[in-house]
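Summary of structural features
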Amino acid sequence: MLCEERLEVFENGFEDGRFKLRVEFYGGDARRLLLAVIRELYLSDYGEDYVYPFECAKEFWGIYMDPSEIAAGDFRPNPIKFLNRAVLDRLEKALRETKAPEEIVESIDLERAEVHKLKKGLLALGKNFLLDERGYLIIFSKPSARELILKYLGMLDGD
């Protein structure tokens, strides 16, 4: 669904031609996190009161979410010291469980990812992906999107 001149929202993500950003998720439902990202992208254009692309995406996805529910977090890196076989096995299992298309799975290089220990499991960060051991895989087209996604990572806890 076209929600803005260059913002297309689809079942598992969005693509924005203005920001040249595509974000997709597999596994757990990350739409609330993506709503927060969309709102932040367009907030400066629309102001606090009514961010049309955010409202449009909410309607398309059938999610009720008030802007006051958006909670930016403070990602505190906690990198693991050694990437051993046990850690890789856990991440590979989590990746398989997302049921992402084979071409996406093959493009994920877990051995080169930054791996962090969070309260609720492991988090692997790559140049173009984020894999949360709880069953979320988020793929993005620009490395700069990673910080924006990490900012709203806590939004996954509400799902």
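Here is a short report on the structure shown in this document.

About the thresholds
Residues numbered from 1 in each chain as written. Predicted model: local features only at pLDDT ≥ 70, side-chain atom pairs only at ≥ 80, totals over all residues. Heavy atoms only, no water. Helix = DSSP H or I, 4+ residues; strand = E, 2+ residues; numbered from the N terminus. Rg over C-alpha atoms; globule rule 2.2 N^0.38 Å. Buried < 20%, exposed > 50% of the residue type's maximum accessible area, 1.4 Å probe, protein only. Pairing = 2+ DSSP bridges. Disulfide = S-S within 2.5 Å. Core = buried A, V, L, I, M, F, W, Y, C linked by side-chain atoms within 4.5 Å. Contact = heavy atoms within 4.5 Å. Phe/Tyr/Trp six-rings, centres within 6.5 Å; stacked < 30°, edge-to-face > 60°.

Considerations on the overall build of the chain
- Tallying secondary structure elements over the chain gives 5 helices and 8 strands in all.
- Starting at the N terminus and walking to the C terminus, you meet the elements of the chain as β-β-β-β-α-α-α-α-β-β-β-β-α.
- In terms of C-alpha radius of gyration, the chain reaches 16 Å, essentially the compact-globule figure of 15 Å for 159 residues.
- With the C-alpha coordinates of the chain rotated into their principal frame, the extents come out at 50 × 30 × 25 Å.
- Within the chain, the proportion of its 159 residues that are buried is 47%.

Details of the pairing of strand S7 (residues 129–132)
- The side-chain alternation of S7 yields two buried faces, one formed by Phe129 and Leu131 and the other by Leu130 and Asp132.
- Both strand S6 (residues 121–125) and S7 contribute to a ladder of 3 bridges, which runs antiparallel. Looking at S7, one finds that Ala124 is bridged to Leu131.
- Counted along the chain from S6 to the antiparallel partner S7, the turn is 3 residues long.
- Following S7, the chain reverses through 3 residues before pairing antiparallel with strand S8 (residues 136–140); Gly135 in that reversal takes a positive phi of roughly 110 degrees.

Comments concerning the state of the cysteines
- Summed over all chains, the structure comprises 1 disulfide.
- Each sulfur in the disulfide pair Cys3 and Cys56 lies 2.1 Å from the other. Where Cys3 bonds to Cys56 through sulfur, the torsion about that S-S bond is close to -75 degrees, and the disulfide is left-handed. Within this pair, whereas Cys3 is found in strand S1 (residues 2–4), its partner Cys56 is found in helix H2 (residues 52–61), the two being separated by 53 residues in sequence.
- Relative accessible area serves as the criterion here: at 1%, Cys3 is assigned to the buried category.
- Looking at Cys56, the relative accessible area reads 5%, which means it is buried.

Quick notes on the nonpolar core
- Counting 38 residues, the largest nonpolar core has Phe14, Leu33, Leu130, Ile138 and Ile149 as the members making the most contacts within it.
- Only strand S2 (7–10), strand S4 (21–27), helix H1 (31–46), H2, S6, S8 and helix H5 (145–151) provide two or more residues apiece to this core.
- Per element, the largest residue contribution to this core is 8 residues, and it comes from H1.
- Sequence-distant contacts of Leu130, that is, excluding residues within four places in its chain, are made with Leu123, Ala124, Leu125, Tyr136, Leu137, Ile138, Phe140, Ile149, Leu150 and Leu153.
- Counting residues in hydrophobic clusters, the runner-up holds 17 residues, among them Val87, Ile108, Leu110 and Leu137.

Description of the packing of aromatic side chains
- Evaluated as defined, the whole model comprises 2 aromatic pairs.
- Pairing Phe19 with Tyr42 gives two aromatic rings, centres 5.6 Å apart and planes at 85 degrees, and the pair type is edge-to-face. Separated by 23 residues along the polypeptide, Phe19 in the loop between strand S3 (13–16) and S4 and Tyr42 in helix H1 bring together distant segments of the chain.
- Pairwise contacts between aromatic rings join Phe19, Tyr42 and Tyr46 into one cluster.

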